[in-house]
Amino acid sequence: MGGPIMTGHGLKDFDTAGLRCSIMQPTVWPWLGYFDLMDQVDVFVLYDDVQLSRQSWMTRNRILTAQGPVWLPVPVKQHGLDTLIVQAEIDDTRPWRKKQCKTLQMAYGKAPYFEPVYAVVESLIQQPTTSLAEFNVGLITHIARCMGIETQLLRSSALDDLGGQKDARVVSVLQAVGAQTYVSAQGASAYIEANPDYPEPGGMIAASGIELLYHQYHHPVYPQVGSTEFVPYIGVLDAMFNVGWDNLLPLIRQGRQPGLRPDTYRAQHRQPVQSQSQSQNQNQKLMVTDASCYTDPPCYKEICQ
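Note that the structure is a prediction, hence the values are computed from the model and not measured. (Residues numbered from 1 in each chain as written. Predicted model: local features only at pLDDT ≥ 70, side-chain atom pairs only at ≥ 80, totals over all residues. Heavy atoms only, no water.)

Enquirer: Would you take a moment to explain the pattern of salt bridges for this structure?
Expert: Close approach of charged atoms allows side chains of opposite charge to pair. Counted by the stated rule, this structure contains nine salt bridges. Note that D39 and R256 form a salt bridge whose closest N and O atoms lie 2.6 Å from each other. Of this pair, D39 sits in helix α1 (residues 32-39) while R256 sits in strand β8 (residues 256-260), and the two are 217 residues apart along the sequence. In this structure R256 comes out as partly exposed when scored by relative accessible area, which is 29%. With a shortest N-O distance of 2.7 Å, R155 and D48 are connected by a salt bridge. Separated by 107 residues along the polypeptide, R155 in strand β5 (residues 152-155) and D48 in the loop between β2 (43-46) and β3 (60-65) bring together distant segments of the chain. In the salt-bridge network here, residues are joined through shared partners; they are D36, D39, R253 and R256. (Salt bridge = Lys/Arg side-chain N within 4 Å of Asp/Glu carboxyl O. Helix = DSSP H or I, 4+ residues; strand = E, 2+ residues; numbered from the N terminus. Buried < 20%, exposed > 50% of the residue type's maximum accessible area, 1.4 Å probe, protein only.)

Right under this line is the structure:
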């Protein structure tokens, strides 16, 4: 039997028996699969105290225009390679907020739900903060509540005594919130299933007594203003303007698939456990980019490579 979650971390007081958790970085205008993952768990941890990758989903996402998909970026001040997301500062010397509003008006002004959605989106773009983490967490939280997701959201930077790297740190987060099940983005399998010290399916997560499921999502199709052919994996803004608040969560749930257990995932992806030397090489490769694998839509996995 699980006990009640301690409220010292801002956690709600409810029983942890069977508690499901996911951990994702706070990306800007996340894609639909991000919110599907959030909707499936009891606690969703916004992983904001890990390294900020350059040109990652933390600072840009796509919208759909008459000319096709375009990036909607949030400029960030120059920073070192070891800068954490929670430390990153937005560069307000550029008129990016005004430009974003104008771009959205041009792209979605004829969308069926433009007026009610834009009123909210404009206020989110104009959030009075220069903290990238606060900006992204603010818009993620507001969008989730507007569509009806009631999952508890926590920031990892507010949790105490988190140790380790990669899967070891994930275990620390899961234990801090009392999770019994971890629903993970498939990108994290790059190190979860490749740890030579934990060669069994599920790696260190499963060895720690936590059930692991890999998130599966088939992108739903919906009408897109100005487009005759559906373009998937656009940021959530596109669906917001095209289907509206009341229809957004039902649309997102249409793409939900059963979670994959680690042994099934390995069999489908034929991912062997690496040797120690291979693992070290992979760790070097993932030093800057591994965290972004938490959140990438499937068609953009090359950014993690």
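Enquirer: Explain the nonpolar core here, please?
Expert: In a soluble, globular protein the nonpolar side chains are often hidden away together inside. In this structure, W29, F35, L104, I143 and F241 are the most contacted members of the largest nonpolar core, which totals 89 residues. Per-element accounting of this core gives the leading share, nine residues, to helix α4 (residues 132-147). (Core = buried A, V, L, I, M, F, W, Y, C linked by side-chain atoms within 4.5 Å.)

Enquirer: Honestly, helix α2 (residues 96-108) in this entry has me stumped. Any pointers?
Expert: What sets the pattern is the α-helix's 3.6 residues per turn: residues three or four places apart point alike. Here α2 is 13 residues long and its end C-alpha atoms lie 18 Å apart, about the 18 Å a rise of 1.5 Å per residue gives. The set of residues buried in α2 consists of W96, R97, Q100, C101, L104, A107 and Y108. Viewed end-on, α2 has its buried residues packed into an arc of 140 degrees, placing them on one side of the element. Facing away from the buried surface of α2 by more than 90 degrees, the exposed residues are K98, K99, K102 and M106. Tucked inside the fold, the buried residues of α2 contact β3, β4 (68-73), α3 (114-125), α4 and α8 (236-243). (Expected span 1.5 Å × (residues − 1). Arc of directions from axis to C-beta. Contact = heavy atoms within 4.5 Å.)

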